[in-house]
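# What the coordinates show
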Amino acid sequence: MRLPSPVASAAAALSLPHLLAVVSSAFSLGVADPRPGSGGRRAFLSPSYVLRGGSSSSPTASGAGVSALQMSTTAASGGVVSAENLALLSDRGRAAVEALMSTEGQAHVTGGWPEPGTEDDGKRTLAEQLADLDGSYPGGLSAYLSKARRLLAEAASGDSPFEDYIASVPSGEVLSYEDDGAASADGALLSFGEAEAAGLGGIGEVAFVLVAGGLGERLGFSGIKLGLSTNVLTDRCYLEVYCNYIKAMQRRSAVATGRDDAATIPLVIMTSGDTDARTKELLADNGNFGMGDGQIRIVCQDKVPALGDASAGLSMASKWEVETKPHGHGDVHHLLCREGIVDEWERQGIKHVVFLQDTNALVINGVLPTLGVSILRGFHMNSICIPRLAGEAAGAIAR
């Protein structure tokens, strides 16, 4: 849905039956930057391909930023771990190490292990970490590295999965400010009033998902971004604003339906290793901002290995530790399914899912009309966007 407004907004409303049908291959690769003065900063290759818009499956283009580094490849030999060293490991650790030994470009991870009796704790630590990384990614570590090699090769060669497509500006839904009903007499144009009314009718069958894995360092804030103040008058943080909005929608739904026993609206927050503990602390210190017991559920996204070269060799933080980084926001779909949350929502009668970013307090003003458009038009997925200026450093939704 396109809003005729200068305010930048971003959110997505997704119908629950199509949550698993969304093509969401948000995949990010972290590559260590060895250049002098880089301070170990990361370079990222992050293509994200998502079907957006109405119920049709028209192709969607999403911009992908590439930072290519010319680096030496990892040696393909010399990474064999002796049987004596393998015997030191747990079954899962041994399986993970043996799998990595047969993986191209990872000899530097498993090579050069000293004889048993020397640094055995380090060997076990690395093996357990490899097993954890293997279990946390769909398809395992081999699938992650295989995809990494393919994406890096495509980036280096300039290949694009959208080469055969021609991008164009989608028409979308542009809402009218006319509320007298004439705006949609022919069904071609909806007013904000009509869309909001439809959204209010369906808000009681909605679940909210908040992706909040980032810190506020880029904004000069030492805490989590959910703890940032939204304004200088009330000093309310983002998480409080979101919780207050959900509670308000619960009350409006109860009034609209005439039911005092209207179901609570669930909120799932996806955190990362950097934000998980502090998000829970923020909620505990503020009594969950008035949300009911069990109404908020937190899922923590796993970290994935960082890559040290253009051949997808794992980057090592030390001899016995693989360097890791938070994965992209695309993890949220996998986590919702893995934790059984989607099945739980289906049993509860949830029909729509609204996804919010961690620091966009203005977007809640567009939730109801966005949901209403999805209901009235029968959309499987709907995103809020504004017209993008040519050359603007912002993502774009294209047809």
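Since this is a predicted model, take the numbers as computed values, not measurements. (Residues numbered from 1 in each chain as written. Predicted model: local features only at pLDDT ≥ 70, side-chain atom pairs only at ≥ 80, totals over all residues. Heavy atoms only, no water.)

## Observations regarding the overall build of the protein chain
To keep things clear, this is the line we draw: Helix and strand definitions follow DSSP, with helices as H or I runs of at least four residues and strands as E runs of at least two, each counted in order from the N terminus. Buried residues are those whose accessible area, probed at 1.4 Å on protein chains only, stays under 20% of the maximum for their type, while exposed residues exceed 50% and partly exposed ones sit between those limits. The contact rule is simple, with two residues in contact once any of their heavy atoms fall within 4.5 Å. Areas reported as accessible are Shrake-Rupley estimates using a 1.4 Å probe. Residue values count occlusion only from the protein chains shown.
A count of helical and extended segments in the protein chain gives eleven helices and twelve strands. Counting the 399 residues in the protein chain, one finds 43% classified as buried. Within the protein chain, residue pairs in contact and separated by at least 24 positions form 73% of the contacts whose partners lie at least 6 positions apart. When the accessible area of the protein chain is evaluated, it comes to approximately 19,500 Å², of which 51% is carbon and sulfur surface.

## Section: unusual backbone geometry
With glycine set apart, most residues show a phi of negative sign, and most peptide bonds adopt trans. Positive phi, normally seen in glycine, also occurs at aspartate 235, with a value near 60°. Tracing the sequence through the fold places aspartate 235 in the loop between β4 (206-211) and α7 (238-257). Take aspartate 235: its relative accessible area is 52%, and that puts it in the exposed class.

## Considerations on the packing of aromatic side chains
The way to describe two aromatic rings as a pair is by their centre distance and the angle between their planes. Stated formally: Note on aromatic contacts: the rings of Phe and Tyr and the six-membered ring of Trp form a pair at centre separations within 6.5 Å, being stacked when their planes are under 30 degrees apart, edge-to-face when over 60 apart, and tilted otherwise.
Applying the stated rule across the entire model yields five aromatic pairs. For the pair tyrosine 137 and tyrosine 144, a centre-to-centre distance of 5.2 Å together with 75° between the ring planes defines the contact as edge-to-face. The same class applies to tyrosine 137 and to tyrosine 144, which are both buried. Both rings, one in tyrosine 177 and one in phenylalanine 192, keep their centres 5.0 Å apart while their planes meet at 25°; by these two values the pair is stacked. On the criterion of sequence distance, the pair formed by tyrosine 177 in the loop between α5 (140-157) and α6 (192-202) and phenylalanine 192 in helix α6 is long-range, its members being 15 residues apart. Tyrosine 177 gets classed as exposed once you look at its relative accessible area, which sits at 57%. We classify phenylalanine 192 as buried; its relative accessible area is 16%.

## Digging into the pairing of strand β11 (residues 352-357)
Selection criterion: Only when DSSP finds a minimum of two bridges between them are two strands counted as paired.
In terms of residue burial, β11 counts as a mostly covered element, since five of its six residues are buried. Alignment of β4 against β11, held across six bridges, turns out to be parallel. If you follow valine 211 over to β11, its bridge partner there is glutamine 357.

## Notes on helix α9 (residues 331-338)
Turning to α9, its buried residues are Asp331, Val332, His333, Leu335 and Leu336. A positive phi of about 75° marks glycine 340, the residue just after α9.

## Regarding the nonpolar core
Defined as follows: Residue types Ala, Val, Leu, Ile, Met, Phe, Trp, Tyr and Cys, when buried and joined through side-chain atoms within 4.5 Å, form a set referred to as a nonpolar core.
Counting 34 residues, the largest nonpolar core has Ile203, Phe208, Leu226, Leu239, Leu267 and Ile269 as the members making the most contacts within it. When residues of this core are traced back to their parent elements, those giving at least two are β4, α7, β5 (267-271), α8 (276-285), β11 and α11 (367-377). For this core, the element with the most residues is α7, which contributes eight residues. Not counting residues up to four positions away in its chain, the partners in contact with leucine 239 are Leu210, Leu226, Ile269, Leu282, Leu283 and Phe289.

## Topic: the packing of helix α4 (residues 120-136) against α5
Rules: Between N-to-C directions, angles cover 0 to 180 degrees, with each direction set by a line fitted to C-alpha atoms, over the stretch in contact for helices. Angles below 35 degrees are treated as roughly parallel, those above 145 as roughly antiparallel, those between 65 and 115 as roughly perpendicular, and all remaining angles as oblique. Think of it as three bins: nonpolar holds Ala, Val, Leu, Ile, Met, Phe, Trp, Tyr, Cys and Pro, charged holds Asp, Glu, Lys and Arg, and polar takes everything else, Gly as well.
In the contact formed by α4 and α5, the axes pass within 6 Å of each other and the chain directions differ by 75°. Accordingly, the angle class assigned to the pair α4 and α5 is roughly perpendicular. Across the interface between the two elements, Leu130, Leu133 and Asp134 of α4 pack against Gly140, Leu141 and Ser142 of α5. For the contact of α4 with α5, a count of residues per class yields three nonpolar, two polar and one charged.

## Here we look at the pairing of β4
Burial of β4 is extensive: six of the six residues sit out of reach of the surface. In β4, alternate side chains face the same way, and those of Val206, Phe208 and Leu210 on one face and Ala207, Val209 and Val211 on the other are all buried. Two strands pair when backbone bridges link them, and β4 and β5 are joined in this way by four bridges, in the parallel orientation. The residue of β5 that forms the bridge with valine 211 is methionine 270.

## Thoughts on the pattern of salt bridges
Under the convention used in this document: Salt bridges are defined by distance alone: a side-chain nitrogen of Lys or Arg within 4 Å of a carboxyl oxygen of Asp or Glu.
Going through the model one piece at a time under the given rule, you end up with 15 salt bridges. Between glutamate 128 and arginine 92 there is a salt bridge, and its shortest N-O distance comes to 2.6 Å. One end of the pair, glutamate 128, is in helix α4; the other, arginine 92, is in helix α2 (residues 91-101), with 36 residues separating them in the sequence. Looking at arginine 92, the relative accessible area reads 40%, which means it is partly exposed. Between lysine 280 and aspartate 276 there is a salt bridge whose closest N-O contact spans 3.1 Å. Of the two residues, lysine 280 and aspartate 276 both sit in helix α8, four residues apart, roughly one turn of that helix. Residue lysine 280 is classed as partly exposed on the basis of its relative accessible area, which comes to 43%.

## Considerations on α8
In an α-helix there are 3.6 residues to a turn, and that puts residues three or four apart on one side. Keep this limit in mind: As used here, the arc is the angular range of directions from the helix axis to the C-beta atoms.
Along α8, the residues that are buried comprise Asp276, Thr279, Leu282 and Leu283. On an axial view of α8, the arc spanned by its buried residues comes to 130°, and they lie on one face. The exposed set on the far side of α8, more than 90 degrees from its buried face, consists of Ala277, Ala284 and Asp285. Against the buried residues of α8 lie α7, β5 and β6 (296-300). Of the residues flanking the end of α8, it is glycine 287, one or two places downstream, whose phi is positive at about 55°.

## Considering the environment of proline 138
Along the chain, the position of proline 138 falls in the loop between α4 and α5. With residues up to four places along the chain from it excluded, the contact list for proline 138 reads Ala143 and His334.

## Things to note about the environment of leucine 362
Along the chain, leucine 362 falls in the loop between β11 and α11. A residue is classified by how much of its surface remains accessible, and leucine 362, at 48% relative accessible area, is partly exposed. Between the C-alpha atom of leucine 362 and that of threonine 230, which follows or precedes it by 132 residues, the distance is 9.5 Å.

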